[in-house]
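# Observations on chain architecture
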Amino acid sequence: WNGLALGVLGAVQQMTGAQGPLWSEDAVQDVYFFSTFGYPNMAGDYFTTLFGLAVGLWRWRVEELRKLGDATQKREGVVRTGSFWKRHYHLIPAVIFFFCAMDTLSRAAVILVTGLAVVFFLHSFVCFFAKKKRAQRVKAGAFSVMVLILIALCAVRFMPSDLQKEVDTLNTTEVLDRVTGRGQYHVRVATEIWKDYPLFGVGGWGYRHFCISYMTEKELRNIQTVGGINVHNDYLQFLAEHGLVGFGAMVAIVILLLWPFGAIWKAMVQSVRFIPTKEQPPQPVQIFIIPAPVFCILMPAVATFIHAFGDCPLRSPAVLSLFFVSLAAMDGYLPRLRRN
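Summarised in this report is the structure supplied together with it. (Residues numbered from 1 in each chain as written. Predicted model: local features only at pLDDT ≥ 70, side-chain atom pairs only at ≥ 80, totals over all residues. Heavy atoms only, no water.)

Time to look at the packing of helix H1 (residues 2–15) against helix H4 (residues 91–103). Relative to each other, H1 and H4 sit at 50°, their axes nearing to 10 Å. Overall, the two elements H1 and H4 adopt an arrangement that is oblique. Viewed along their axes, H1 and H4 form a crossing whose handedness is left-handed. Across the interface between the two elements, Gly3, Leu4, Gly7 and Gln14 of H1 pack against Pro93, Ile96, Phe97, Cys100 and Asp103 of H4. Counted by class, the contact of H1 with H4 contains 5 nonpolar, 3 polar and 1 charged residues. (Axes fitted to C-alpha atoms, helices over the stretch in contact; angles between N-to-C directions. Helix = DSSP H or I, 4+ residues; strand = E, 2+ residues; numbered from the N terminus. Parallel < 35°, antiparallel > 145°, perpendicular 65-115°, else oblique. Left-handed = near helix turned anticlockwise from the far one by under 90°. Contact = heavy atoms within 4.5 Å. Nonpolar A, V, L, I, M, F, W, Y, C, P; charged D, E, K, R; others polar.)

Next up, the structure:
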């Protein structure tokens, strides 16, 4: 709900012609902002993650009502799945977050949120398809194809000109260069700083002060004035500023958050052979055995992980905290292991 409020705020600011976040007039010229974010890629990653979480809540809601309906049918002989809006209202914030991610004009967000939308659609389609009868499958398949065609036509026909300009600049070579840091001095400079201060780094925001002394004369003549205080590779910047000790602590947090999932996932995969054939998840079992909400949490986390190689989303406390909190939230949707 916090993210939804921020998304609505961003839309209102755009419609009212705000020059900066919260209608401030001291915004940096030619730097696009969205909502309370002063940097497009941070906003893009934030709303991309929230899009995944909203879809995960939708999948959880539908499944819970389906189980409730099955239990009611066995007990009373009546099917109760709730009204359409009661089952699907989480799709409203999901749609809003999708367009918010697009509206940030972050090219990375455009790629990632579109990719996630396709993955979630296919995952949901396969899961729902497997639980339907043959006649229902044909109708569901035809309806899904029509929805995809309609979305694609609307996206092409009504895409805003600003977003179209960003999409037109996308190409495979540029994406690979951005992820690898090729053609920029930041990767080399951050690596040199880390080599000189390997354990504790140079402190938070230290890169902006130390980078100049590591740059060559040619690099100083072409210094990046907008956005140049970040390495645009979060992992290298964390190493340079916090060293192996600080960055290692962050990695340890991620491992501790993922460890319970790994143990339960392994047990779930091994238990599939004991499940009746009709009730087994679709193939590949290793993917579809994962509860849908957990899958919808992991995919945006993977997107953020990839995004951080070519930009600086994790430099935003909002994105970093959301990344950790979303991983911690997985535990609530995982089954419990029975202890002997």
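That covers the picture; the talk isn't over yet.
This structure, assessed with the given rule, holds 18 aromatic pairs. Plain terms: the ring middles of Tyr46 and Phe47 are 5.4 Å apart, the flat faces sit at 85° to each other, and that makes the pair edge-to-face. The pair Tyr46 / Phe47 is uniform in exposure class, with both members buried. Note on Phe51 and Phe120: the rings are 5.9 Å apart at their centroids and 40° apart in plane angle, and the pair reads as tilted. You can see Phe51 sitting in helix H2 (residues 40–76) and its partner Phe120 sitting in helix H5 (residues 107–130), a full 69 residues away along the chain. In this structure Phe51 comes out as buried when scored by relative accessible area, which is 7%. (Phe/Tyr/Trp six-rings, centres within 6.5 Å; stacked < 30°, edge-to-face > 60°. Buried < 20%, exposed > 50% of the residue type's maximum accessible area, 1.4 Å probe, protein only.)

On the surface, a nonpolar cluster with roughly 740 Å² of combined accessible area is contributed by Trp1, Phe84, Trp85, Tyr89, Ile92 and Ile96. Of all the elements in the fold, those that place two or more residues in the nonpolar patch are helix H3 (84–88) and H4. Topologically, Ile96 is positioned in helix H4. Taking relative accessible area as the criterion, Ile96 reaches 30% and is therefore assigned partly exposed. (Patch = residues over 30% accessible without salt bridge, like charges linked within 9 Å, V, L, I, M, F, W, Y side chains within 5 Å. Areas by Shrake-Rupley, 256 points an atom, 1.4 Å probe, with all protein chains shown as cover. Salt bridge = Lys/Arg side-chain N within 4 Å of Asp/Glu carboxyl O.)

Counting across every chain of the model gives 3 salt bridges. As a salt-bridge pair, Arg315 and Glu241 come within 2.9 Å of each other at their nearest N and O atoms. A residue pair is termed long-range when its members are at least 10 positions apart, and Arg315 in the loop between helix H14 (292–310) and helix H15 (317–329) and Glu241 in helix H12 (residues 234–271) qualify at 74 residues. For Asp331, the salt bridge goes to Arg336, with nearest N and O atoms at 3.3 Å.

Attention now moves to unusual backbone geometry. Cis geometry marks the peptide bond from Gln283 to Pro284, where omega comes out at -5°. Its location among the elements puts Pro284 in the loop between H12 and helix H13 (285–288). The phi angle at His232 is positive, at roughly 65°, despite the residue not being glycine. Tracing the chain through its elements places His232 in the loop between helix H11 (217–221) and H12.

Ranked by size, the top nonpolar core spans 55 residues in total, and within it Tyr46, Phe47, Phe51 and Leu314 carry the most contacts. The dominant element in this core, judged by the number of residues it contributes, is H2, at 10 residues. Not counting chain neighbours up to four residues away, the residues in contact with Phe51 comprise Ala94, Phe97, Phe98, Val113, Leu116, Ala117 and Phe120. With 12 residues, the next largest nonpolar core counts Ala190, Cys211, Met215 and Leu236 among its residues. (Core = buried A, V, L, I, M, F, W, Y, C linked by side-chain atoms within 4.5 Å.)

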